[in-house]
Amino acid sequence: MQNKDRFSSESPVYAGGDPSSDHQSGAAITPQGIPASALPTIGIVVVAVYVAAQILSDIGSLKIATIAGFSVDAGTFIYPITFTIRDLIHKRLGKQAARTVIILTAGINLFMALYFQLIARLPQDPDWGQGPAFAAILGPVWRIVAASILAEIVSELLDTEVYHWWVTKISRRHQWMRVLASNGVSIPVDSLIFCWVAFGGVLPNTVVWSIFAANVIVKGLVTLVSLPGIYLVKEK
């Protein structure tokens, strides 16, 4: 009996009779005809959350707070999450995607600083009266901007390499261990670069070391809390 649906409009035709390949590009496709290589929804979500967390932490770092006797930039409370989110991107989309997102986010942060500088210099409406306050708070301090972007690039790329080394050379089991290992290396490096590039020679050394210690402690605690997050997405 002849199969009437074999060449129907609802049944995709594949070159060479291979139902797993796109007849034009050779890429694997789903039964619905959608390329399997298309960015999954969860991938879009984790990338968006990563970029948002980076931007919010950079803005928050403009304020130095005092918590339990430690001086700490306020961006520290959200920035540590980016390391675990980066691990999610790596896990779901791969190493190259993670590296691309890191560099792209650094570019976005630089653009944000340039944009803040531009609008801070625009003439203000005389009835508004908040121009100086806006410029004082959101006008970029370029040393802090440079420190933040440099620390992000170096530490997040280092996190990528440690994570990749762990899953390829050590084990894919106990996923929380790969997060702990990669964050355990990248967090101190990130804090060291940021604190000394941003505040070294500007604030007393004791204050800089206080900021560093608070950064490492807070980021370490956030890492421990966020460890279960690595199970939110499936392995690539």
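The structure this text deals with has already been given above.
All values reported here derive from a predicted model rather than from experimental measurement.

Calculation notes
Residues numbered from 1 in each chain as written. Predicted model: local features only at pLDDT ≥ 70, side-chain atom pairs only at ≥ 80, totals over all residues. Heavy atoms only, no water. Pairing = 2+ DSSP bridges. Helix = DSSP H or I, 4+ residues; strand = E, 2+ residues; numbered from the N terminus. Axes fitted to C-alpha atoms, helices over the stretch in contact; angles between N-to-C directions. Parallel < 35°, antiparallel > 145°, perpendicular 65-115°, else oblique. Left-handed = near helix turned anticlockwise from the far one by under 90°. Contact = heavy atoms within 4.5 Å. Nonpolar A, V, L, I, M, F, W, Y, C, P; charged D, E, K, R; others polar. Salt bridge = Lys/Arg side-chain N within 4 Å of Asp/Glu carboxyl O. Buried < 20%, exposed > 50% of the residue type's maximum accessible area, 1.4 Å probe, protein only. Phe/Tyr/Trp six-rings, centres within 6.5 Å; stacked < 30°, edge-to-face > 60°. Lys NZ or Arg CZ within 6 Å of the ring centre and 35° of its normal. Core = buried A, V, L, I, M, F, W, Y, C linked by side-chain atoms within 4.5 Å.

**As for the pairing of strand E2 (residues 70–73)**
Sheet analysis places strand E1 (residues 64–67) next to E2, joined by four bridges and oriented antiparallel. Bridging across to E2, Ala65 finds its partner in Val72.

**Quick look at the packing of helix H6 (residues 175–199) against helix H7 (residues 205–226)**
Two elements in contact, H6 and H7, have axes separated by 9 Å at closest approach and are oriented at 155°. As the angle between them shows, H6 and H7 are arranged roughly antiparallel. Where H6 crosses over H7, the two elements pack in a sense that is right-handed. For the pair H6 and H7, the contacting residues are Leu180, Asn183, Ile187, Pro188, Asp190, Ser191, Leu192, Cys195, Trp196 and Phe199 in the first and Asn205, Val208, Trp209, Ile211, Phe212, Asn215, Val216, Lys219, Gly220, Thr223 and Leu224 in the second. Tallied by class, residues from the contact of H6 with H7 come to 13 nonpolar, six polar and two charged.

**Observations concerning the pattern of salt bridges**
Evaluated as defined, the whole model comprises five salt bridges. Its salt-bridge partner being Arg86, residue Asp87 comes within 2.6 Å of it at the nearest N-O pair. Residue classification places Asp87 among the buried positions, given a relative accessible area of 0%. A salt bridge links Arg86 to Asp159, with the nearest nitrogen and oxygen atoms 2.6 Å apart. Linking Arg86 in helix H2 (residues 81–93) with Asp159 in helix H5 (residues 142–170), this pair joins segments that are 73 residues apart in sequence.

**Examining the side chain of Ser148**
Take Ser148: it is sitting in helix H5. With a relative accessible area of 12%, Ser148 lands in the buried category. Those residues in contact with Ser148, other than ones at most four positions away along the chain, are Asp58 and Phe194.

**Points about the packing of aromatic side chains**
Within a pair of aromatic rings, the relevant descriptors are the distance that separates the centres and the angle that separates the planes. Tallied over the entire structure, the rule returns six aromatic pairs. Arranged with centres 5.6 Å apart and planes meeting at 90°, the rings of Phe194 and Phe199 form a pair that is edge-to-face. Phe199 matches Phe194 in its accessibility class, with the two residues each being buried. Between the aromatic rings of Trp209 and Phe212, the centroid separation amounts to 5.5 Å while the plane-to-plane angle is 85°, which identifies the pairing as edge-to-face. Taken together, the residues Trp209 and Phe212, both in helix H7 and three residues apart, mark about one turn of the helix. Phe212 sits in the buried class, given a relative accessible area of 19%. Three or more aromatic residues link up through ring pairs in this structure, and these residues are Trp196, Trp209 and Phe212. The positively charged end of Arg86 is found above the aromatic ring belonging to Tyr163, 5.3 Å away from the centroid.

**Digging into the environment of Ile42**
If you trace the backbone, Ile42 turns up in helix H1 (residues 41–60). Judged by its relative accessible area of 32%, Ile42 falls in the partly exposed class. When the C-alpha positions of Ile42 and Leu232 are compared, they lie 9.2 Å apart, and in sequence the two are 190 residues distant. Leaving out residues up to four positions away in the same chain, Ile42 has contacts with Arg92 and Val233.

**Side note on the side chain of Gln54**
Structurally, Gln54 can be placed in helix H1. Beyond its immediate chain neighbours, meaning those up to four positions away, Gln54 contacts Tyr79, Thr82, Thr105, Asn109, Glu152 and Glu156.

**A closer look at the nonpolar core**
Of all hydrophobic cores here, the largest spans 17 residues; its most connected members are Val46, Tyr50, Leu88, Ile89 and Ile230. The set of elements that each furnish at least two residues to this core consists of H1, H2, helix H3 (95–121) and H5. Here this core gets four residues from one element, more than from any other, and that element is H2. Non-local contacts of Val46, meaning those with residues more than four positions away in its chain, are made with Ile85, Leu88, Ile89 and Val233. Ranked by size, the runner-up nonpolar core spans eleven residues in total, among them Ile144, Cys195, Ile211 and Phe212.

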